[in-house]
Amino acid sequence: MRKAIVLVLALLALATVPYWIGNGYYVNIASQILIWAILALGLNVLVGHAGLVSLGHAGLFGVAAYAAAWLVAGGWGHLPAALVALAMIIATSAVFAVLALRATGIGFLMITLALGQILWGVAYRWIGLTGGDNGINVPSRPAPFGISLTFSTPFYYFTLAVFLLAVVAMAVFVRSPFGASLKGTRDQPRRMTALGYNVWLIRFLAFLFSGFWSGVAGLLFCYYNQFVSPNVLALGSSAEALLMVISGGSGTLLGPIAGAALVVVMKNVASAYIERWNFLLGAIFVAIVIFMPEGLVPGTVRLWRWAWSGLRGGRAAALLRAGDGTVR
Amino acid sequence: MAWTVDRRKFLWGTALATALPWAPALAQSQPVRIGLLTVKTGPLAQGGIQMEQGITVFLKQKNNTLAGRKVELISADTGGNPAGAKTKAQELIERDHVDFIVGPLAAFELLAITDYIQQAKVPMLSLAAADDMTQRKPNAYFVRASATSSQCCHPLGDYAAKEMKLKRVATINEDFAFGYEQVGGFQRVFEDEGGRIVKKLWTPIATPDYTPYLAQISDVDGVWNGFAGSNPIKFNQQYAELGLKSKYPVIGGWTAYDDALLKSFGDDAVGAISAAWYSSDLDTPSNKRFVADMVREYGNIPGGYAAGCYINGMCIEAALGKTGGKTDDKAKLIEALRAVSLTDTPRGAFHFDHLGNVVGNVFIRRLERKGGKLVNTIVKTYPNVSQFWTYDEKQYLAQPVYSRDYPPLKS
Amino acid sequence: MSLWLLLAVNSVTLGGLLFLLSAGFSLIFGLMRIPNLTHGSFFMLGAYLGTSFLALGLNLWLAALASAAAMAMIGGGIERLLLRRLAGQELAQVLVTLGLSFMIADLCLMEWGGDPISVDTPAGLRGAVPILSIVFPTYRLVIVIIAVVVAAALWVMLDRTRLGAMIRAGVDDAPMARITGIRVSRLFTIVFCLGAALAGFAGVMGGPILSVYPGLDADMLPLALIVVILGGTGSLPGALLGSFIIGFLYNFGQALFPELAYIILFLPMLLILVVRPQGLFGRHAP
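Residue positions are given per chain, counted from 1 along the sequence in the order it is written. Chain letters start at A and ligand numbers start at 1, both assigned in the order the entries are written. pLDDT decides what is reported in this predicted model: residues at 70 or higher carry local features, side-chain atom pairs at 80 or more are listed and counted, and totals for whole chains, interfaces and linings draw on all residues regardless.

Below, the discussion takes up the overall build of chain C. Helix numbers and strand numbers start at the N terminus; a helix is a DSSP run of H or I with at least 4 residues, a strand a run of E with at least 2. Looking only at helices and strands, chain C has eleven helices and two strands in total. Starting at the N terminus and ending at the C terminus, chain C contains elements arranged as α-α-α-α-β-β-α-α-α-α-α-α-α. Structurally, chain C occupies a C-alpha span of about 60 × 45 × 35 Å along its principal axes. Residue pairs qualify as contacts under a 7 Å threshold applied to their C-beta atoms, which are placed from the backbone. Counting only contacts in chain C whose residues sit at least 6 apart along the sequence, the fraction spanning at least 24 positions is 74%.

With that settled, the discussion passes to the overall build of chain B. When helices and strands are counted, chain B shows 13 helices and 15 strands. The globule rule puts the C-alpha radius of gyration for 411 residues at 22 Å, and the 21 Å found for chain B is close to it. Across its three principal axes, chain B shows a C-alpha extent of roughly 75 × 50 × 35 Å. Relative to all contacts within chain B whose residues are 6 or more apart in sequence, the contacts with residues 24 or more apart total 71%. Only the C-alpha atoms count toward the radius of gyration. The rule for a globule is 2.2 Å times the residue count to the power 0.38.

A word on the interface of chain B and chain A. Each partner contributes to the interface: chain B provides 24 residues, whereas chain A provides 23 residues. Those elements that place two or more of their residues in the side of chain B that touches chain A are strand E3 (69-77), helix H4 (82-95) and helix H5 (107-120) of chain B. Counting residues per element, the side of chain B that touches chain A draws most heavily on H4(B), which supplies nine residues. The residue inventory of the side of chain B that touches chain A, partitioned by class, reads eight nonpolar, six polar and ten charged. Nonpolar residues are Ala, Val, Leu, Ile, Met, Phe, Trp, Tyr, Cys and Pro. Charged residues are Asp, Glu, Lys and Arg, and all others, Gly as well, are polar.

This paragraph deals with the nonpolar core. Buried Ala, Val, Leu, Ile, Met, Phe, Trp, Tyr and Cys residues whose C-beta atoms connect them within 7 Å together make up a nonpolar core. Backbone-placed C-beta atoms define the burial measure: a residue is buried with 20 or more other C-beta atoms within 10 Å of its own, exposed with 12 or fewer, and partly exposed in between. Grouped together as the largest cluster of nonpolar side chains are 351 residues, with contacts concentrated most on A:Ile38, A:Ala65, A:Ala68, A:Leu242 and C:Leu95. For A:Leu242, the residues in contact, after removing those within four places along its chain, are A:Leu43, A:Val47, A:Val53, A:Leu55 and C:Val94.

The next subject is the confidence of the model for chain B. Residue-level pLDDT values for chain B average 91, and 93% of them are 70 or greater. Across the chain, each position has a pLDDT score giving the predictor's confidence in that residue, from 0 to 100. Segment residues 1-27 of chain B is flagged for pLDDT under 50; beyond a separation of four residues in sequence, or across chains, it makes 18 contacts in the model.

Attention now goes to the environment of C:Ile245. Relative to the elements of secondary structure, C:Ile245 occurs in helix H10 (residues 236-256). Here the alpha-carbon distance between C:Ile245 and C:Val227, two residues 18 residues apart in the chain, equals 8.5 Å.

Listed as interface residues are 33 residues of chain A and, on the opposing side, 33 residues of chain C. Those elements that place two or more of their residues in the side of chain A that touches chain C are helix H6 (105-125), helix H12 (235-248) and helix H14 (277-291) of chain A. Per-element accounting of the side of chain A that touches chain C gives the leading share, twelve residues, to H6(A). Its residues assigned to classes, the side of chain A that touches chain C shows 22 nonpolar, eight polar and three charged.

A regular strand places its side chains on the two faces of the sheet in alternate fashion. Residues and elements named next belong to chain B. Here strand E11 (residues 273-276) shows a buried face lined by Ile 273 and Ala 275 and a second buried face lined by Ser 274 and Ala 276. Inspection of the sheet shows strand E10 (residues 250-252) paired to E11 by two bridges, in the parallel sense. By the bridge assignment, Gly 252 is partnered in E11 with Ser 274. The criterion for strand pairing is that DSSP finds at least two bridges linking the strands in question.

The next thing to look at is the confidence of the model for chain C. Residues and elements named next belong to chain C. Per-residue confidence for chain C gives a mean pLDDT of 90; residues scoring 70 or more make up 97%. The least confident element of chain C is helix H7 (residues 174-179), whose mean pLDDT is 82; the most confident is helix H2 (residues 39-55), at 97. At the level of chain-chain contacts, confidence expressed as ipTM amounts to 0.91, with global pTM at 0.92.

One open sheet accounts for six strands, arranged E2-E3-E1-E4-E5-E6 (chain B); its pairing is mixed. Two strands bound the open sheet, and with one partner strand each, they are strand E2 (65-66) and strand E6 (142-143) of chain B.

A separate point is the packing of helix H3 (residues 24-50) of chain A against helix H11 (residues 199-225) of chain A. Residues and elements named next belong to chain A. Where helices are involved, their axes are fitted lines through C-alpha atoms of the stretch in contact, as for all axes, and angles between N-to-C directions lie from 0 to 180°. The contact between H3 and H11 brings their axes to 9 Å, and the two run at 170 degrees. With respect to each other, H3 and H11 are oriented roughly antiparallel. As H3 runs across H11, the sense of the crossing is left-handed. Of the residues in H11, those touching H3 at Ser 31, Gln 32, Ile 35, Ile 38, Leu 39, Leu 41, Gly 42, Leu 43, Val 45, Leu 46, His 49 and Ala 50 are Arg 203, Ala 206, Phe 207, Phe 209, Ser 210, Trp 213, Ser 214, Val 216, Ala 217, Leu 220, Phe 221 and Tyr 224. Classifying every residue of the contact of H3 with H11 gives 17 nonpolar, six polar and one charged. Note that the term roughly parallel is reserved for angles under 35 degrees, roughly antiparallel for angles over 145, roughly perpendicular for angles of 65 to 115, and oblique for everything else. Here a crossing is taken to be left-handed if its near helix is turned anticlockwise relative to the far helix by less than a right angle, and right-handed if that turn runs clockwise.

Attention now moves to the packing of helix H3 (residues 60-81) of chain C against helix H8 (residues 184-210) of chain C. Packed helix pairs are specified by the crossing angle of their axes together with the interaxial distance, meaning the distance between the axes. All names here are of chain C. For the pair H3 and H8, the least separation of the axes is 7 Å and the interaxial angle reads 145 degrees. For the crossing formed where H3 meets H8, the hand is right-handed. Per-class residue counts for the contact of H3 with H8 are 18 nonpolar, seven polar and two charged.

A word on H10(C). Note on helix geometry: an α-helix contains 3.6 residues per turn, so any two residues three or four positions apart are oriented the same way. Spanning 21 residues, H10(C) covers 30 Å between terminal C-alpha atoms, matching the ideal 30 Å at 1.5 Å per step. With respect to burial, H10(C) is a largely interior element, 15 of its 21 residues being buried. Helices are assigned an expected span. That span is 1.5 Å times one less than the residue count.

Further remarks concern unusual backbone geometry. All names here are of chain B. At the junction of Gly 103 and Pro 104, the peptide bond is cis and its omega measures out at -5 degrees in the coordinates. Position of Pro 104 relative to the elements: it lies in the loop between strand E4 (100-102) and H5. Geometrically, the link from Tyr 406 to Pro 407 is a cis peptide bond, its omega value of -5 degrees lying close to zero. Among the structural elements, Pro 407 can be located in the segment after helix H13 (393-398). Although it is not a glycine, His 97 sits at a positive phi angle of roughly 50 degrees. By the secondary structure assignment, His 97 is in the loop between H4 and E4.

Residues and elements named next belong to chain B. When strand E14 (residues 358-370) meets strand E15 (residues 373-385), the two strands line up antiparallel, connected through ten bridges. In the strand pairing of E15, Val 362 is matched with Tyr 382. Hairpin connection of E14 to E15: two residues between the antiparallel strands, including Gly 371 at a positive phi of 55 degrees.

This part is about the environment of B:Trp277. Residues and elements named next belong to chain B. Looking at where Trp 277 falls in the secondary structure, it is placed in the loop between E11 and helix H10 (285-298). In the structure, Trp 277 is positioned 87 residues away from Ile 364 in sequence and 8.9 Å away in space, judged by C-alpha atoms. Those residues in contact with Trp 277 that sit more than four places away from it in its chain are Ser 146, Ala 147, Gln 151, Cys 152, Trp 254, Gly 304, Arg 347, Gly 360, Asn 361 and Val 362.

Structure follows, in structure tokens:
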């Protein structure tokens, strides 16, 4: 019951953002948070649920953005361009997965890093296709059902709709038998194999699911900025997405969203007031590791419970529980 | 930053102004707001910090008053990437309601926001050099008082062929648009004057060791380079180390031998010939004042990034003078800006062409050691250099923009 | 032909520099299993500190040693205060090392400004040495000698001393080493200090070739990662060989396939990892 109330309040808050946030500039920031949150949620499928740390997801994000930008700039309609972009993202994810799943752990990380860097190199150097570092300008935003997304508020609602879809998809995924078996491959891969599960296939499908949502975020990014350049698939973007997932709390639903909000707000809003925002962002990451090594969201939940039970006199019990910290 | 507005105060001010019924009257007495899109973090910060210094020095000299109106500078850090530039441009325009935008620094930042600026109708004065911004894809709200990528390279091609009497030149440059346009401009004029480009080498932006490229240079009269950022230091060090400096003289673009880099160079760079639209060596009253103030305030000999923003400040002052300090009619404002024609500036006299690009001096300099200090000494001045050099504008624009393969190497 | 000779000699010297860069990373990763993403920042911070020591009048060698000592202290502090509590938590390690690299990058920008700083080659080592048909910069050859000396010293330390035996025991099986009475946690601190010191030392030694500038960290970190992962994690000979292989790939790749310059290191790494996920010389899958 309490959960339902919180959920309704959260939805209400999200739905009314353009009314209480005031300036269109902040509505745009909210849209950006949602876009990055979708990427982080997608990445979280691998990092949090499959235990596979990818440093190449900006590559997937970028492929979708480039495909849509290239097609729209070439005169295609937005809908067919988006469909082709999504098909491409599935195909690219499949290639990524086949190569990267040769390894786990640091090997997986390095292969995804190499793939991301290769895509970046291609975007930079295959000028005939990508325009090189001059990038591709996208002449217009899409107009689904005839509604123009040119202005900040309609674009926000469009992004919010996609975001909610992603959240629901993630929630369903985690609760599904497939989500459970994916976690099995993370914690006990050998036992899963012994039980007759095809560990590779489970990871492969998880990669596709993860890549798909990263691609969706890439599409939104392309519509939002109406500009794509190699910068979107640089290593820095991949690292940023990973930092969002981990700082918010990997393996949780809210964690990646909180992480995305943290990074976007620091980069775009706090940077207007604090000249050394980059230092501060790094310091926040370090502080998170010191005080909430499990991430912002699970850490806050733990502290909240601790404080709550302290009020009720059960602090000792909560402290004992604090160690495991996995709120999934 | 004493000259940056306290944002919070500023926001309250704006909120009050819009909330109160007498807002229009109040708006008249509001200060002119200049938004600076710059880079203060990450690898591009070097140029970005100098940009802020340049315009800050200008506003300080003017006591923060231009054409009788108070001026506020709001500076925004894009982080040096296109998406950041877009967000920060939105911040300056939609939240802070700036009247002018100075910046951004890099071409890819500029290209990411050009459509948006055109829609928002806010006059923008940028240092970013992308040729097509004032050529094949012009923006009606844009002026550029610095130069296109190729603008200084045209006269350098002329100088290399006619005065240095070079015949065969190899080029080496970063593998990106700014490099292509620089090399293209140099190649076109140099070859039209009878010279010949025999090899074009393109290096990735982050290249720890240039040796694999430098090893391929042989049988030439000179080597062109147009590196930017911190790469010129690394390049000249390695070029000298491999013994090439004594064999082939080096010529280069303005970013490669910018005056602000002089304190970082060692003797490796001495003797380099470069073409630049600004030289701290120039003897004009306003340049003397500018250089003196830069040295006093920041201990820095200014280069193009600081000078460009200082000159942008002068353009804004001149434009405001024409509109009587009014900024509400943006069409009139950009019209006034493009009509600006100044005689005493740190780069000498200049005006804008009908596409918003500068027509002004280009200096050929030689890097020398004088009294223990490195200086770029002006050896020749090309006055009134247009972005089209001496070519016919129509014919020039009918050709494709300079690229990796255009003009092609003659075989 | 002299072009190929020049490329070959330069491959070896670049390999030497790469080994100096990545030896510390390899050591830390081998023992502690920490992918230290601050390594590029250690290299850059060490280089910056070196320029300050040089400005105080020290010569390059003393500046490099002073910078190594300073980096050892900084590294030790980071290990004691932060990494200590994160054993086995890979994600938290990634977060904290990347967070630190953000902080160090901004700190360097604050302290040393954005302008690049050139580092003079020591007076006696300027100029070039003739090798067959070419002349080659002396300082670069000295780098190779230093790299070999460092490699030998590390090998002696790991293979011939008590400390080395304990470290090897720790690499092979940390819990078992602990049972036999080895204070693994102190070993960790020592190794991390050593790794950071090597990075700082390399940063100063690289100065006359690379100069020092903001962004040096991000340029160097991928190189260290490639060398260590390609060579096989936790294997010092692997890192040494990996360095020279990358040196050759880089030189000949850039010269022969300029079109592929942007991916010339990542493509081979990808192929090798796909075929041999444990790297060329790794014993088992990482």
